[in-house]
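Working through the structure, step by step
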Amino acid sequence: MCYSVLIFDNQRRTHHFMLMILGKMARIIRWDRSGLVATKKFNYVSQPELMGRFIWRFARMSAAQRGHDTTATRISPDSAEYRLMKMRAKAPKVATQAGEGRDEQANTTAIPGGVVGGTEATGGGTGEAIVIEKEDEEVVPGVIGDHARAAFAKSLRADPICWRLRVDDAQKGARYFLVGRPHFIASGLVGRGTQTFIAVDEADPQGPLVYLKDAWRVAHTGIKQEGEILEKLNSKDDGGPVPFIPTVRYHGDVDNQATRSQEIWEKKNGGQSDKECPLKTHRHYRLVVNEVGLPLDTFQNAFELVGVVIDCIQAHGHAYNRKRLIHRDISAGNVLIYPKPVTDKNGSVREVRVGLLADWELAKCIDDHDDGPRQPDRTGTWQFLSANALSHPSRRIMVQDDMESLFHLLLYEAIRYLPNNCFNVGMFIDKYFDGYDEDRDGVYVGGEKKMATMRTGTLMVTSSTALAFYLPKSAPTAAAALVTPSLPISNFGRSESHAKPAAVSGTSPASEFPAQESSDDLHPINKLFSDLQELFKAHYALNVPNNNPPKKPTSGSTAKATQEPEIDFIMATRLSMLQETGFEYDWSASAEPAPDLPPSISPEEQAKMEALAAKLASHKALTKVIVGRYGREKWPEEDRVPDQLPANYRRTNGKKRAADSTWQTSGSQPKRSRASGKPPV
């Protein structure tokens, strides 16, 4: 099987044949993305004609019959296409004015032409124009969109095999794209087999670099092409395009390339009506979008991470309320950071890193009342599915489930990259995100730790220690004024926001964290987690009552915080984007603490609990909860630490070898494979 994986990873294949030799015995196997078809074992010594007949026929097959993708053409190193690719990968030179007290990487201007290797600046002297030169794989500061070029340069490292891929768009016709080494390769042999590339549009050779996704989509009744879903989300109908999602450029199925293993199974088992085919039908599919995103784990600080979550709630809310679509597969790999060009108050164009909610292929219309499954296994990414969805695999995914997935995503990044009191992050990830149980029917369900967190509203490191996040030593915190006293946000829902600080305790390594816990030592993300946990606790209490919920301390200050100038600009820009969608937030209102729920719930308290739980069904109300902390707390600019997940952590079996998402450009995170209904092992 490993040999087959390598073939699919490194060649443009629809299927391939294999001869498996077992001493004097052999099998002939045909692999595709649905599964395999194998002959019975035969003795090739006593029956050499069986193997000889296969080899004779194989030698007379066409390239397509042997399994080669004829829509992919290899690019020769001495071709014009290859020279174009190398030219597009070159880092631009940038000029800047250097002077006393000025950042030499500010106010840069690209200089046409190639680049000389190295990272040193040439020129010198106060006020004298200098040229900053970067290696091809480095992002040049001050150049809009250069992250895409740097990623493209990495794909051409060590002169890899390059390809000219055809994309057949039903409306726009055929288009060709030039690609190098894949940036991401989905692990495993069976399944979508997703590979993604930074690409040059051959018809627009000097235009922006784009992102190309090559996958074997599930072609079952009711499942649309991802490009069709994006076209609906991008359309001007129903209130206009949905913000913070990819923009489709071209897409379409690749010829008539489809898997056949499932057909063989159905022929063999056709008379057994009580037995559902476990093999899926996959069709080869390509999708090209404009945006080249960055992986979520490249967030610069918690302030940016929370901002990205706000953007994704906005995207989800607009898609749900205006386009009638629900995502159903929010994970750390499907949420990206996109350096978006914006114009500041001085008329200068600069980049603000915003969130991008990608991978809409599992999205479903909320007006579709057919609750039957479209695939023979559960939908979503195990680590980020809601505890309720994991405990009830056949239930319909609701807004609350996707919002809970965003909570798990936020926790996943925070536990890995922010200072905290968890001494064994690998064990926490294993129990909380990868954990599972098995019910009496042999069905895998989610682990106890995630469900306990949702029920109790408390994140625990151990049975006696609550999870706490800290400010790193000497971290600069925010200090300037927030710009907008009243912030409009789109009319998603109906509820007011509540806010409550975190219950935190525990100790941390003295080299990284404060020796004593005080309000000044604690990171503001603790309060945000606590606010959200109160909503989930109420939501789960209505579905799976918990008679002994732990009590939390009362809230602290709710005054607006002041920020550093850079954070101030980013916050003002993001809130301005929210304002354009009609969202409103009253900064003069206090963030009231959520009530503790006693074991015996009175009608009044039941109503309060229902009001809290209702916020999870309202994108507007949930955004208000997060924006309340986003704008009121002091957020440090430098709070990120190196990844605390052990490098040898390998619990997850279904992760991509390069990264978690089909839209990222770097990074690595575990992802649950959708090829099976089992948890990671």
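Everything below is about the structure shown above.
Below is a short write-up of the structure. (Residues numbered from 1 in each chain as written. Predicted model: local features only at pLDDT ≥ 70, side-chain atom pairs only at ≥ 80, totals over all residues. Heavy atoms only, no water.)

1. Topic: the pairing of strand β20 (residues 349-357)
Stated precisely, the cut-off is as follows: In this analysis, strands are considered paired if DSSP registers two or more bridges between them. In this text, helices come from DSSP runs of H or I with a minimum length of four residues, and strands from runs of E with a minimum of two, each type numbered from the N-terminal end.
Looking at chain direction, strand β19 (residues 335-343) and β20 are connected through nine bridges and run antiparallel. Across the sheet, residue Ile337 finds its bridge partner in β20, namely Gly355. Connecting the antiparallel pair β19 and β20 is a turn made up of five residues, with Gly347 showing a positive phi of about 85 degrees.

2. Considerations on the packing of aromatic side chains
Rules: Paired rings are identified among Phe, Tyr and Trp, the last through its six-membered ring, by centres lying within 6.5 Å, and are further divided according to the angle between planes into stacked (under 30 degrees), edge-to-face (over 60) and tilted (the rest). Accessible area is worked out with a 1.4 Å probe on protein chains only. A residue is then buried under 20% of its type maximum, exposed over 50%, and partly exposed in between. Over a ring means this: the NZ of a Lys or the CZ of an Arg is within 6 Å of the ring centre and within 35 degrees of the ring normal.
With the rule as written, the count across this model stands at 16 aromatic pairs. With a centroid separation of 5.8 Å and 85 degrees between ring planes, the pair formed by Phe299 and Tyr417 is classed as edge-to-face. Taken as a pair, Phe299 in the loop between β17 (294-295) and α8 (302-321) and Tyr417 in helix α10 (residues 399-417) lie far apart in primary sequence, 118 residues in all. As far as burial versus exposure is concerned, Phe299 and Tyr417 are alike and both buried. Judged by centre distance (5.6 Å) and plane angle (85 degrees), the ring pair of Phe407 and Phe529 falls under edge-to-face. Here the residue Phe407 occupies a position in helix α10, and Phe529 occupies one in helix α13 (residues 525-543), the gap between them amounting to 122 residues. The ring centre of Phe58 lies 5.0 Å from the NZ or CZ of Arg66, which sits over that ring. Directly above the aromatic system of Tyr176 lies the positively charged group of Arg164, at a separation of 3.8 Å from the ring centroid.

3. Regarding the pattern of salt bridges
So the rule is basically this: Definition used for salt bridges: Asp or Glu carboxyl oxygen within 4 Å of a side-chain nitrogen of Lys or Arg.
Tallied over the entire structure, the rule returns 26 salt bridges. Between Glu202 and Arg164 there is a salt bridge whose closest N-O contact spans 2.9 Å. Taken together, the residues span a long stretch of sequence, with Glu202 in the loop between β13 (195-201) and β14 (210-218) and Arg164 in strand β10 (residues 162-169) at a distance of 38 residues. The class of Glu202 is partly exposed, set by a relative accessible area of 26%. Judged by relative accessible area, Arg164 falls into the partly exposed class, the value being 23%. Here Asp311 makes a salt bridge to Arg574, at a shortest N to O gap of 2.7 Å. Of this pair, Asp311 sits in helix α8 while Arg574 sits in helix α14 (residues 565-580), and the two are 263 residues apart along the sequence. One network of salt bridges, in which partners are shared, links Arg192, Lys213, Glu226, Asp359 and Glu361.

4. Considerations on unusual backbone geometry
A positive phi is found at Asp238, a non-glycine position, where the angle reads about 55 degrees. Summarising the element assignment, Asp238 is placed in the loop between α6 (226-234) and β15 (248-258). Judged by its relative accessible area of 46%, Asp238 is partly exposed. Backbone geometry places Asp255, a non-glycine residue, at a positive phi of 45 degrees. Take Asp255: it is sitting in strand β15. The class for Asp255 is partly exposed, based on a relative accessible area of 38%.

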